[in-house]
Amino acid sequence: MVSERRTLLADAALDVLADEGMRGLTHRAVDRRAAMPPGTTSAYYRTRAALLTGLVARLVQLDQAELHGAADALPPLHSVEDLVDGMVALTRQRLTGEGRRRSLARHACAIESVRDEELREILVPRENAGREAVRLFLAQHGVADVENRTHTLLTCVDGLVFDRLVNGGEVRREALEGLVAAALR
């Protein structure tokens, strides 16, 4: 029950952050969003730092599940087109619906983590099936520094998602094709 309540409150905190930004993230706002009595969030996450830590841990859990699911749904990556197709699907997922809300929260938390080492540690990119698929693809195509190229490619994709969150629209396929081509050079 405690774990379920913490998860419910962390999900509500994600929603508040996506809708109202970091300034709007308060214990009371989370109580309202979760339809809980006043003081409930404070009982489970005593401080704002604890609330942020719980929110970020939940965000990472949801992101990891999304990335594992996306990788499982894709066929093996044999061609550049296969990799770009996967990246197009991922960027669309990150820019629409629940994915968009998590992307907004993720970027707000990333900025906050500049001043909070604990948050930064939780947000460190995790190993997942999606990252491994990109790493394997680059290795199979003879890329020398697979770890750095994988990191750079995925960071650039995240940057394109951030740009589209701020400026609207979709990530263009041509932009993703260019990033993959650069990673393969």
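So, how was this worked out
In every chain, residue numbers begin from 1 and rise along the written sequence. Local features in this predicted model are restricted to residues whose pLDDT is 70 or higher, and side-chain atom pairs enter the listing and the counts only when it is 80 or higher, whereas totals over whole chains, interfaces and linings include all residues. The basis for the side-chain values is all heavy atoms of the structure; hydrogens and waters are excluded. By the criteria applied, helices consist of DSSP H or I runs no shorter than four residues and strands consist of E runs no shorter than two, each listed in order from the N terminus. Per-residue accessibility, obtained with a 1.4 Å probe over protein chains only, is compared with the maximum for each type, and a residue is labelled buried under 20%, exposed over 50%, and partly exposed between these values. Contacts are residue-level and defined by heavy atoms, with any inter-residue pair within 4.5 Å sufficient. In plain words, nonpolar cores are sets of buried Ala, Val, Leu, Ile, Met, Phe, Trp, Tyr and Cys residues tied together by side-chain atoms within 4.5 Å. Pairing of aromatic rings covers Phe, Tyr and Trp, the last counted by its six-membered ring, and requires centre-to-centre distances within 6.5 Å; plane angles under 30 degrees mean stacked, over 60 mean edge-to-face, and any other angle means tilted. Cation placement over rings: the criterion is NZ of Lys or CZ of Arg within 6 Å of the ring centroid and within 35° of the ring normal. Each reported salt bridge corresponds to a side-chain nitrogen of Lys or Arg within 4 Å of a carboxyl oxygen of Asp or Glu.

**Q** Just checking my understanding: could you explain the side chain of Ser113 for this structure?
**A** Structurally, Ser113 can be placed in the loop between α6 (97-112) and α7 (117-123). Residue Ser113 is classed as buried on the basis of its relative accessible area of 6%. Those residues in contact with Ser113, other than ones at most four positions away along the chain, are Leu119, Arg120 and Leu123.

**Q** Honestly, the nonpolar core in this entry has me stumped. Any pointers?
**A** Ranked by internal contacts, the top residues of the largest apolar core, which has 25 residues, are Leu9, Leu25, Val30, Leu55 and Val56. Counting residues per element, the ones that place at least two in this core are α1 (2-24), α2 (27-33), α4 (48-73), α6 and α7. Of all the elements, α1 adds the most residues to this core, at 8 residues. Counting 21 residues, the second largest nonpolar core, distinct from the first, contains Val146, Leu153, Val161 and Val180.

**Q** Sorry, what's going on with the packing of aromatic side chains here?
**A** The description of an aromatic ring pair rests on the distance of the ring centres and on the angle between the ring planes. Taken as a whole and assessed by the stated rule, the structure comprises 0 aromatic pairs. When the ring centre of Tyr45 is taken as reference, the NZ or CZ atom of Arg6 above it lies at 4.8 Å.

**Q** What am I meant to see in the pattern of salt bridges here?
**A** Opposite charge on two side chains permits pairing when their charged atoms draw close. Scanning all chains against the criterion turns up 16 salt bridges. With a closest N to O distance of 2.7 Å, Arg101 and Asp19 form a salt bridge. In this pair, Arg101 is assigned in helix α6 and Asp19 in helix α1, connecting sequence segments 82 residues apart. Here Arg101 falls in the partly exposed class, since its relative accessible area comes to 23%. Two residues, Arg94 and Glu66, come together in a salt bridge whose shortest N-O distance is 2.9 Å. You can see Arg94 sitting in helix α5 (residues 80-95) and its partner Glu66 sitting in helix α4, a full 28 residues away along the chain. Residue class for Arg94 comes out buried when judged on its relative accessible area of 7%. It is possible to trace a salt-bridge network through shared partners that takes in Asp15, Asp19, Glu20, Arg33 and Arg101.

**Q** Teacher, can you tell me more about the environment of His107 here?
**A** Residue position: His107 is located in helix α6. In this structure, the C-alpha to C-alpha distance between His107 and Ala18, residues 89 residues apart in sequence, is 9.7 Å. The residues touching His107, leaving out its near neighbours within four places in the chain, are Asp158, Phe162 and Leu165.

The values are spatial; any link to function lies outside them.
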